[in-house]
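# Coordinates in review
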Amino acid sequence: IFKVHLKEIKLNLNEKGGVDGYAEWLAALTPGFSGADIANVCNEAALIAARTEKTLVEPVDFEAAVDRVIAGLEKKTKVLSPAEKERVAWHEAGHAMVGWLLPHTDPLMKVSIIPRGRATLGFAQQMPEERFLHSREYLHEQKIVLLAGRAAEDIKFGEVSSGAQDDLEKVTNLAYSQVVKYGMNSKFGTLSYSEKNSKGYFGKPFSDATSEIVDDEVFKMVEKCYIEAKAFVEKHFDKLEQIALLLLKKEVLHGEDIKNILGEKIKEDKSIYMEPFKPDTKQETVV
């Protein structure tokens, strides 16, 4: 899809190895984007380049366009107080640091404290690897990363703010899905409850008693992740502070900036999935 839209744009072909290179790079930056989103990214990039009187569209223009599609238009009139800006910086630094240190999370591409849209005061953008299945470990660490911003605020300032609302909603929805849909809870085992039956009815397909158990299991799952998030923040507080202070200074950090502070991204050992199955040759075969 990107190749189709990029044909209409004058690109700086010295970057990214030509149209194919741009298309592959942009596809990695925009997982889950619809065709309309992709068209918007290309159009926005061309407009951004034109506003700065460029004759060619460059990668930096596409990055700005992706930011606008994901988080909205940069709000230059939304001026945060120094205290609010500091809190946002520590919050986003928490997401960035914990996500970098956990092995099953996607690599960080950018973290920003520039206000965008109606409610976005900052964001941490990851570059998800292409995957069609999510393991229990991946989902668990996703919840920890989502809660790391609140954990950073909690430990740094001794209190939390309303800034984590979107993170909490995502964590809650993910935990409920693990319990009632994905079969990732020991109490419910391999059961999966659908909210829609054959007659098209939407609602909780279980009793009030079961609903209470679901709520309790979700609470315990989220609470465990928050405890782990706080433990990461406390253990690496000095590194978190470095990231937060640099973010306050520069407002936008990239993966390379985080790498300079934390070292190489901790990666999942995928070799265990590549080992062929070896049956126990000593076991007798019963015919």
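Just above, that's the structure.
The numbers attached to residues start from 1 for each chain and follow its sequence in the written order. A pLDDT threshold of at least 70 governs which residues receive local features in this predicted model, and a stricter bar of 80 or more applies before side-chain atom pairs are shown or counted, although totals over entire chains, interfaces and linings include all residues. Hydrogens and water are ignored here; the side-chain numbers use all heavy atoms of the structure.

### As for the layout of surface pockets
Applied cut-off: Think of a 1 Å grid over just the protein atoms. A cavity is a set of points where a 1.4 Å probe fits yet cannot get out, a pocket is an open set with protein on both sides within 12 Å along at least five of seven lines, and lining residues have an atom within 4 Å of a point. Grid points are joined across faces, edges and corners, and a volume is the space filled by probe spheres set on the points. For helices the rule is a DSSP run of H or I covering at least 4 residues; for strands it is a run of E covering at least 2, with both sets numbered from the N terminus onward.
When its volume is computed, the largest pocket comes out at roughly 1,400 Å³. The wall of the largest pocket is formed by 45 residues, among which Phe 123, Ala 124, Asp 166, Asp 167 and Lys 170 lie closest to the centre. At the level of secondary structure, the elements contributing two or more residues to the lining of the largest pocket comprise α4 (59–71), α5 (82–101), β2 (123–126), α6 (136–157) and α7 (165–180). Among the elements that line the lining of the largest pocket, the one with the most residues is α5, at nine residues.

### Thoughts on the nonpolar core
Selection rule: Buried Ala, Val, Leu, Ile, Met, Phe, Trp, Tyr and Cys residues form a nonpolar core when they are joined through side-chain atoms within 4.5 Å. Only protein chains enter the accessibility calculation, which uses a 1.4 Å probe; a residue is then buried when its area is under 20% of its type maximum, exposed when over 50%, and partly exposed in between. When checking whether two residues touch, look at their non-hydrogen atoms; a contact exists if any pair is within 4.5 Å.
In terms of nonpolar packing, the biggest core is built from 44 residues, with Val 98, Ile 243 and Ile 258 touching the most fellow members. Of all the secondary-structure elements, those providing two or more residues to this core are α5, β1 (108–112), α6, α7, α8 (208–235), α9 (237–250) and α10 (255–262). A total of nine residues in this core trace back to one element, the largest contributor, which is α5. Excluding residues that lie within four positions of it along the chain, Val 98 makes contacts with Ile 144, Val 145, Ala 148, Phe 232 and Val 233. One finds Ile 9, Tyr 22, Phe 33 and Cys 42 within the second-largest nonpolar core, a separate group that totals 21 residues.

### Remarks on unusual backbone geometry
Even without a glycine there, the phi angle at Glu 53 is positive, about 60°. Note on placement: Glu 53 falls in the loop between α3 (35–51) and α4. One non-glycine residue, Glu 251, lies in the positive phi region at around 70°. Residue placement: Glu 251 occurs in the loop between α9 and β3 (252–254).

### What about the pattern of salt bridges?
In a structure, side chains of opposite charge can pair up when their charged atoms sit close to one another. Put simply, the rule reads: By definition, a salt bridge exists where a carboxyl oxygen of Asp or Glu is found within 4 Å of a side-chain nitrogen of Lys or Arg.
According to the stated counting rule, one finds 15 salt bridges in the structure shown. Between Lys 54 and Glu 58 there is a salt bridge, with the nearest N and O atoms lying 3.2 Å from each other. On the basis of relative accessibility, which here comes to 30%, the residue Lys 54 falls in the partly exposed class. A salt bridge links Lys 230 to Asp 154; the shortest N-O distance between them is 3.5 Å. Taken together, the residues Lys 230 in helix α8 and Asp 154 in helix α6 connect sequence positions 76 residues apart. Take Lys 230: its relative accessible area is 25%, and that puts it in the partly exposed class.

### With respect to the packing of aromatic side chains
Put simply, the rule reads: Only rings of Phe, Tyr and Trp enter the pairing, Trp through its six-membered ring, and a pair is recorded when the two centres are within 6.5 Å. The plane angle decides the type: under 30 degrees is stacked, over 60 is edge-to-face, the rest tilted. By definition, being over a ring means that NZ of Lys or CZ of Arg is both within 6 Å of the ring centre and within 35 degrees of the ring normal.
Within the structure shown, the criterion is met by three aromatic pairs. Seen from their ring centres, Phe 188 and Tyr 193 are 6.2 Å apart, and the 85° between their planes marks the pair as edge-to-face. Lying over the aromatic face of Phe 157, Arg 87 brings its terminal NZ or CZ to 4.5 Å of the ring centre. It is Arg 150 that lies over the ring of Tyr 226; its NZ or CZ is 5.9 Å from the centre.

Function-wise, these values are silent; they only describe arrangement.
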